[in-house]
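Given next are the chains, with one letter for each unit.
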Amino acid sequence: MEKLLYEGKAKQVYEGQNENEYIIHYKDDATAGNGAKHDQFEGKGVLNNTISCIIFDMLEEAGIKTHMIEKINDRDIRVKKVEIFPLEVIVRNITAGSFCKRYGVKEGIVLDEPIFETSYKNDEYGDPLMNEDHAVALKLATREELAYIKETTLKINELLKAFFLKLNLKLVDFKIEFGKTADGEILLADEISPDSCRLWDVDTNQKYDKDVFRQDIGDLIETYKAVLARMQDK
Ligand code: TMP
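Residues numbered from 1 in each chain as written. Predicted model: local features only at pLDDT ≥ 70, side-chain atom pairs only at ≥ 80, totals over all residues. Heavy atoms only, no water.

What about the overall build of the chain?
Working step 1: Along the backbone of the chain there are six helices and 13 strands.
Working step 2: The C-alpha atoms of the chain give a radius of gyration of 17 Å, which matches the 17 Å a tight globule of 234 residues would have.
Working step 3: Relative to its full complement of 234 residues, the chain shows a buried share of 48%.
Working step 4: Within the chain, contacts between residues at least 6 apart in sequence are counted, and of these 56% link residues at least 24 apart.
Working step 5: Summed over all atoms, the accessible surface of the chain reaches about 12000 Å², with 48% contributed by carbon and sulfur.
Working step 6: Side chains of the chain carry 33 positive and 45 negative charges; the gap between the two charge centres is 3 Å. (Helix = DSSP H or I, 4+ residues; strand = E, 2+ residues; numbered from the N terminus. Rg over C-alpha atoms; globule rule 2.2 N^0.38 Å. Buried < 20%, exposed > 50% of the residue type's maximum accessible area, 1.4 Å probe, protein only. Contact = heavy atoms within 4.5 Å. Areas by Shrake-Rupley, 256 points an atom, 1.4 Å probe, with all protein chains shown as cover. Lys, Arg positive; Asp, Glu negative; His and termini not counted. Charge placed at Lys NZ, Arg CZ, Asp CG, Glu CD.)

Shown next, in the form of structure tokens:
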């Protein structure tokens, strides 16, 4: 077994076959509220890996540069080694989640324009909202890097919205992460799955994402299987 370098809430990162690569392993754990709620769901890692690989392939084909090299098996992928920017990059198309709590607005308002938002990826401080000046001052990224991240993220939003709409799902919001290679290339990294997106059925507004676990309103595995089934039926 390769050397474990980092263990996150839902994934592990191992040393790769060579120094420019990592292996990412998807676990069955689900957490919410910065780890306050924690459970295991057999098969979740396989579902997220499968869903995320399909989405990363679609984005690569559309010209987005990602860390993805290849899927090794149901739970493991080979990726390019990057240093992750400690920023959670979020886009909101419809109000939900922390946006509603923070600003006292109702869930489900369709926004005139997508909101681009970043927060500091730091569990100890509760992932606080962070603007560009904060990130630059703390030397988390340069202004140029942040401009590239924003432009790429808004492109990804358009691609994901169209992708999910074909599955009769509305992309409410999502979180992505970017990293930088040793050569300074910025790549989309981490995952895109129902753990990191909010997806609502176009006709019924039924939730097809981790909110079923956060809010105890449905079976997580059945929900994620239903998302994958729509992707495979397409
Ligand atoms: P939020 O409304 O809780 O800020 O979440 C916005 C989106 O980002 C939602 O699709 C869930 C996703 N997200 C993550 O994937 N990981 C996180 O740690 C957080 C806070 C949000």
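Read on for the rest.
Regarding the site of the ligand
Working step 1: Neighbouring residues of the ligand: 13 residues in total, closest R92, S98, D173, K175 and R198.
Working step 2: The contact in question runs from an oxygen atom of the ligand to an N or O atom on the side chain of S98, over 2.5 Å.
Working step 3: Take D173: an N or O atom from its side chain is 2.5 Å from an oxygen atom of the ligand.
Working step 4: Starting from 450 Å² of accessible surface for the ligand in isolation, the protein chains cover 79%. (Near = heavy atom within 4 Å. Polar contact = N/O pair within 3.5 Å; in protein donor to acceptor, adjacent residues only side chain to side chain.)

What about the sheet that holds strand β2 (residues 11-15)?
Working step 1: The five strands are arranged β1-β2-β3-β7-β6 in an open sheet whose pairing can be described as antiparallel. With partners counted over all chains shown, the strands left at the sheet margins are β1 (4-7) and β6 (68-71), one partner each. Direction aside, neighbouring strands of the sheet carry axes that sit 25 degrees apart on average.
Working step 2: With five bridges connecting them, strand β3 (residues 21-26) and strand β7 (residues 76-80) associate as antiparallel partners. The residue of β7 that forms the bridge with I23 is R78.
Working step 3: Helix-sheet contacts for helix α1 (residues 44-61) involve β3, β6 and β7, and the interaxial angle to β6 is about 135 degrees. (Pairing = 2+ DSSP bridges. Axes fitted to C-alpha atoms, helices over the stretch in contact; angles between N-to-C directions.)

Some details on α1
Working step 1: Over its 18 residues, α1 runs 26 Å from end to end, which matches the ideal 26 Å to within 8%, given 1.5 Å per residue.
Working step 2: Of all the 18 residues making up α1, 13 are buried; the element is thus mostly covered by neighbouring parts of the structure.
Working step 3: Two residues or fewer after α1 comes G63, characterised by a positive phi angle close to 100 degrees. (Expected span 1.5 Å × (residues − 1).)

Some words on the packing of aromatic side chains
Each aromatic ring pair is specified by the distance between its two centres and by the angle formed by the two planes.
Working step 1: What the rule picks out here adds up to three aromatic pairs.
Working step 2: Aromatic side chains F41 and F213 sit 5.5 Å apart centroid to centroid with 85 degrees between the ring planes, which places their arrangement in the edge-to-face category. Linking F41 in the loop between β5 (37-40) and α1 with F213 in helix α5 (residues 211-214), this pair joins segments that are 172 residues apart in sequence. Pair check on accessibility: F41 and F213 agree, each one buried. (Phe/Tyr/Trp six-rings, centres within 6.5 Å; stacked < 30°, edge-to-face > 60°.)

Notes on helix α4 (residues 143-165)
An α-helical turn contains 3.6 residues, so a residue and the one three or four places further along point in the same direction.
Working step 1: With 23 residues, α4 should cover 33 Å at 1.5 Å per step; its first-to-last C-alpha distance of 33 Å lies within 8% of that length.
Working step 2: Residues of α4 that are buried include every one of E145, L146, I149, T152, T153, I156, N157, L160, F163 and F164, and no others.

Thoughts on the pairing of β2
Working step 1: Across the five residues of β2, four count as buried, placing the element largely inside the fold.
Working step 2: Here three bridges tie β1 to β2, and the two strands are oriented antiparallel to one another. Following the sheet pairing, L4 is matched in β2 by Y14.
Working step 3: Between β1 and the antiparallel strand that follows it, β2, lie three residues.
Working step 4: Note that β2 and β3 share five bridges and pair antiparallel.

Quick look at the packing of α1 against helix α6 (residues 220-233)
Working step 1: At a minimum axis separation of 10 Å, α1 and α6 run at an interaxial angle of 30 degrees. Overall, the two elements α1 and α6 adopt an arrangement that is roughly parallel. α6 is crossed by α1, and the crossing has left-handed handedness. Counting all contacts with α1, which are made through K44, L47, N48, T50, I51, I54 and I55, the residues of α6 involved are L220, I221, Y224, K225, V227, L228 and M231.
Working step 2: Among the residues making up the contact of α1 with α6, the classes are represented as 10 nonpolar, two polar and two charged. (Parallel < 35°, antiparallel > 145°, perpendicular 65-115°, else oblique. Left-handed = near helix turned anticlockwise from the far one by under 90°. Nonpolar A, V, L, I, M, F, W, Y, C, P; charged D, E, K, R; others polar.)

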